[in-house]
Every structure is written in structure tokens, then in C-alpha cells.
Amino acid sequence: MDLIIRNATVVTMNARREVLREADVVIEGNRIVKVGPHARTRLTRAVRTIDGNGLVVLPGLIHAHLHACQTLCRNHADGLELLDWLRERIWPFEASHDAASMRASADLTFLELISSGVTACLDMGSVHHYDAVFEAARDAGLRLVGGKCMMDTGQGVPRGLRETTEASLAESVRLLEQWHGTSNDRLRYAFAPRFVLSCSEALMRRVGELAKARGVRVHTHASENPTECDLVREKTGLDNVVYFQSLGLLGAHTTLAHCVWLTTDEQRVLRETQTCVCHCPSANFKLASGVAKVPELLQQGITVGLGADGAPCNNTLDIFHELRLAALVHLPRVGPTGFSAMQALELATVNGARALGLEHDVGSIEVGKKADLTLVDLSGAHLQPVSNDPVATIVYGAQAKDVRHVVIDGEVVLRDRVVQTMNAEQVRRQAVTHARRLLAALDG
Ligand SMILES: [Zn+2]
């Protein structure tokens, strides 16, 4: 059935960044067919309508770096730097997952994402049980580009996560063949070698070849923390990004999370290869990693998306927290006009779409694009008095609870703040039950 959103403020994020007032968005099937004042025509078919009065319609917000497998470890890995955080808490935690706890973790994640206006994400799994994450996204109605984490080497990797190069590649290809393009192309595969320190050169090289041959994305971490960068140089003789380039991993089809500590040469390589970066400001603060030079990367024409990273290093997956932080954190360095609210919103919309390889389908509200939309209610006391700039109002001050409706692929998955595709109470209960078991094993 078709859908019309009537009489809303529409932040299109089109090339001219137009904001339309008292506009309608008309959706047929899963595509946007009209946008603008009085765009509704005499549709002869039965339609559903959403009254957009007082609402701002944004392109569906996009998390470009996430670990749904880690959400049950939220609030249980505080006060650590990256490598200790991984070795002491996250890897042992991930190793103790079974398929049921993975499903519970993904359900909880996607409940939080949809409730807070996120329509798509780029996710990195753990080594095992990635089918459960795809199943959860399929049932929740979320758009997911994801893949199992690949780890065939590394110090401090627990037995439950260790895998051979061949097994890692074989399981990745199996998942790709089973899930890529399913659910009306809402689900896509991305190879996810974890980072240089947990992947052999042979594995990385093969991933580069396979990703190109299969036309799918590569999603990994790079240059998050100075100790990691030192160890990468020790292991390979090269900086992270240059090493990836030497293995044929870079290109517009690759997204590197973090990129906090980049040399000038690495920035040049990113620019020349059109490799995408994902900015994760909360995670970079909480693990005491540093601040990525996002305004400078954008100025060079590098695509930068926005992500929460894992719940245990954030500890929320609320994209409004990331938007606000991304908009503010660079200002002491670049000045009060050096990075705008619009630029922050670009990270989570048009740029996020590119970081997921979905720029032709989502990221803006334009005729022909898929209908992924986030409808924000600006009537909350904390937003008064609203200005005539809805983007600044939302980026600096809106909260997850202000999200009123969410549409993904033409389906209303959040209506009046109620997720339509999941039983929220059951998801919470299941998550707590499974988390108790996993965390007892971790702390025992
Ligand atoms: Zn991460």
C-alpha cells in the first residue's frame, strides 16, 4: 500500500540542500515518487497517510559503524583503552555468544535504532552467529549492510574467536551468498576483517580480491588509537591506511572506522582512492582515543559518515548524541563557524549512504530514492522556541525521544513512537536474560 506524508517540513538533503515547508512526500511501494508543496495527486489506490503538521521529515538517519553483537555488554566495559578493552572485556564477551544471545543482542540493538530514528547501519559482527543478526534485521525491517568479523591471528584472541584464514573466508562467502540482496535488497553483505592486528596479510589480500569480484563492501577499523598505530607499524612496516592500500583493500567500496591518527600521506591515499571514513566521536572520547580531524578530511573531499561503534564503548547507540557531539567537538580547533550543523547532518545522511554504498538509493529525500524517512516532532519543551532552521534545531538539541515515526523501504516501522515490527517488552526481557548469562561467564 502507498503512503503520503502531508504538510510537513522536509529537509531534503538534495544537492541544493533544500528545506521545503508545508510539503508532502508521496511514496509508491518503496520509492519516493513526489516531493513538494501539494505533491499529493489523486492517487486512485488505497493509501496510508501520516499527518506531518509540526513534524520535520529527514532522510532516514544512518549509522555507518556499529557492532550489534556487543550491545549486551553495555555498561560492563568502562574505563579502558582500546586494546585492554578488547582483550579484557570485548573479545571474551563476544566469544561466549551463542546464536540465541546473538539474536537477543541484535534485537535490542535494532529496537534502539528504530526507536531513535536510524533506518540503516553498517554493522560488524563477531566471528560466529552472523545469521542471527541478519535474521533480526530482516524481521525488524531495518536496512543492514553487515558481515561477520574476520580474525585469523592476533595477541590475546580467545579460543572461541580464533579461526583459520580459510574458515574465515569460507564462512564470509557463505553468508554473502545466503543474505546479500535479500529482503527486497534491504540486507547486504560487507566483508569485515576486524583490524590489522587480528588479520593476516593473506586474509586481507583475499578480502580485497573477493570484495571486488563480488561487488560488496569492505568494513574495517583503522588508526583508532596511538598504541594500535605503533603496533601496526611494528607488524607491517607501514601506517594503517598505506598498508591497506598495498593489499588492494581501498576504494569507494571500503569504509574505515575511526581514522583518528592519520598521517598526511594516509589522508592523501584516502582522497585518491575515495575510501570512506566513519567518525565515531563518543567512542573515540570514551576509549580516550582522540578526535578525528573530520572538517579537514571533508575539505579534501573524503567521505565521512557517523557511527556509534559498539554499545560498550559509548554507551548509547543514540544517533542524536553523535550528531550533537560531531557538531560541537571540532569547534575549539576550527572556530565557531568551521563546522556547521548541516555538515553534521550530512555525516548521518548523504555521506552515511555513501559509506554504506547506498547513495543511489537512500540518504536524501528525492524522487526515485527509496523511502527511508525519519520524522521528528519539534514540539518538545527542550526545543522551544524553535528557529526557522530545523537542521540546527535538530542537530544541537533534538533527542531520540523526539522521533515520532520512521519509514524504511516504504514501511512504517515506528508509528507514534511505537516500533511496529517488534515486541519491545519481550526484546528487553530476552536481552536482560541473555546478558546475565554472558556477563556471569565474563566476570566468573
Ligand atoms: Zn568498531
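Relevant structure appears above.
Residues numbered from 1 in each chain as written. Predicted model: local features only at pLDDT ≥ 70, side-chain atom pairs only at ≥ 80, totals over all residues. Heavy atoms only, no water.

**What about the overall build of the protein chain?**
Along the protein chain, the regular secondary structure elements total 17 helices and 18 strands. A compact globule built from 444 residues should have a C-alpha radius of gyration of about 22 Å, and the protein chain, at 21 Å, falls within 12% of that. Structurally, the protein chain occupies a C-alpha span of about 60 × 45 × 40 Å along its principal axes. Put simply, the protein chain has 444 residues, and 61% of those count as buried. Put simply, 74% of the contacts in the protein chain that link residues at least 6 apart link residues at least 24 apart. By element, 49% of the accessible surface of the protein chain is carried by carbon and sulfur atoms, the whole surface being about 16200 Å². (Helix = DSSP H or I, 4+ residues; strand = E, 2+ residues; numbered from the N terminus. Rg over C-alpha atoms; globule rule 2.2 N^0.38 Å. Buried < 20%, exposed > 50% of the residue type's maximum accessible area, 1.4 Å probe, protein only. Contact = heavy atoms within 4.5 Å. Areas by Shrake-Rupley, 256 points an atom, 1.4 Å probe, with all protein chains shown as cover.)

**So, the coordination of the zinc ion**
All of the protein donors around the zinc ion are His65 (NE2), His67 (NE2), His221 (NE2) and Asp309 (OD); their distances to the metal are 2.0 to 2.2 Å. Each donor residue of the zinc ion belongs to the same chain, with the gaps between them written as H-x1-H-x153-H-x87-D. Placement of the pair is histidine 67 in the loop between β6 (61-66) and α1 (82-95) and histidine 221 in strand β11 (residues 217-222), with a sequence separation of 154 residues. (Donors = N, O, S within 2.8 Å, 3.2 Å for Na, K, Ca; no water.)

**A closer look at the pattern of salt bridges**
Close approach of charged atoms allows side chains of opposite charge to pair. Under the counting rule described, the total for this entry stands at 30 salt bridges. Between aspartate 372 and arginine 143 there is a salt bridge whose closest N-O contact spans 2.7 Å. With a gap of 229 residues between them, aspartate 372 in the loop between α15 (350-355) and β15 (373-377) and arginine 143 in strand β8 (residues 143-147) connect regions that are remote in the sequence. The pair formed by aspartate 372 and arginine 143 is uniform in burial state, with each residue classed as buried. Two residues, lysine 370 and aspartate 361, come together in a salt bridge whose shortest N-O distance is 3.6 Å. (Salt bridge = Lys/Arg side-chain N within 4 Å of Asp/Glu carboxyl O.)

**Structural notes on the packing of helix α2 (residues 99-115) against helix α3 (residues 130-140)**
Packing of α2 against α3 brings their axes to within 8 Å, and their N-to-C directions diverge by 40 degrees. In terms of their interaxial angle, α2 and α3 are classed as oblique. Along this stretch, α2 crosses α3, giving a crossing that reads as right-handed. Packed against α2, whose contacting residues are Ala99, Met102, Arg103, Ala106, Asp107, Phe110 and Ile114, the element α3 presents Ala132, Val133, Glu135, Ala136, Ala137, Asp139 and Ala140 at the interface. Per-class residue counts for the contact of α2 with α3 are ten nonpolar, no polar and four charged. (Axes fitted to C-alpha atoms, helices over the stretch in contact; angles between N-to-C directions. Parallel < 35°, antiparallel > 145°, perpendicular 65-115°, else oblique. Left-handed = near helix turned anticlockwise from the far one by under 90°. Nonpolar A, V, L, I, M, F, W, Y, C, P; charged D, E, K, R; others polar.)

**Digging into helix α12 (residues 319-329)**
Along α12, the positions that sit buried rather than exposed are Ile319, Phe320, Glu322, Leu323, Ala326, Ala327 and Val329. Two to three positions downstream of the cap, the backbone nitrogen of phenylalanine 320 sits 2.7 Å from a side-chain oxygen, assigning the N-cap of α12 to aspartate 318. (Polar contact = N/O pair within 3.5 Å; in protein donor to acceptor, adjacent residues only side chain to side chain.)

**Let's talk about the pairing of strand β4 (residues 47-51)**
The alternating pattern of β4 places Arg48 and Ile50 on a buried face, while none of Val47, Thr49 and Asp51, on the opposite face, is buried. Across five bridges, the pairing between strand β1 (residues 2-11) and β4 is parallel. Paired with leucine 3 across the two strands is arginine 48, which belongs to β4. (Pairing = 2+ DSSP bridges.)

**Things to note about the state of the cysteines**
For the structure shown, the criterion picks out zero disulfides. Cysteine cysteine 199 is unpaired, with the sulfur of cysteine 149 as its nearest cysteine sulfur at 7.0 Å. For cysteine 199, a relative accessible area of 0% gives the class buried. Here cysteine 259 is not disulfide-linked; the sulfur of cysteine 229 is the nearest cysteine sulfur, at 9.3 Å. A relative accessible area of 1% places cysteine 259 in the buried class. (Disulfide = S-S within 2.5 Å.)

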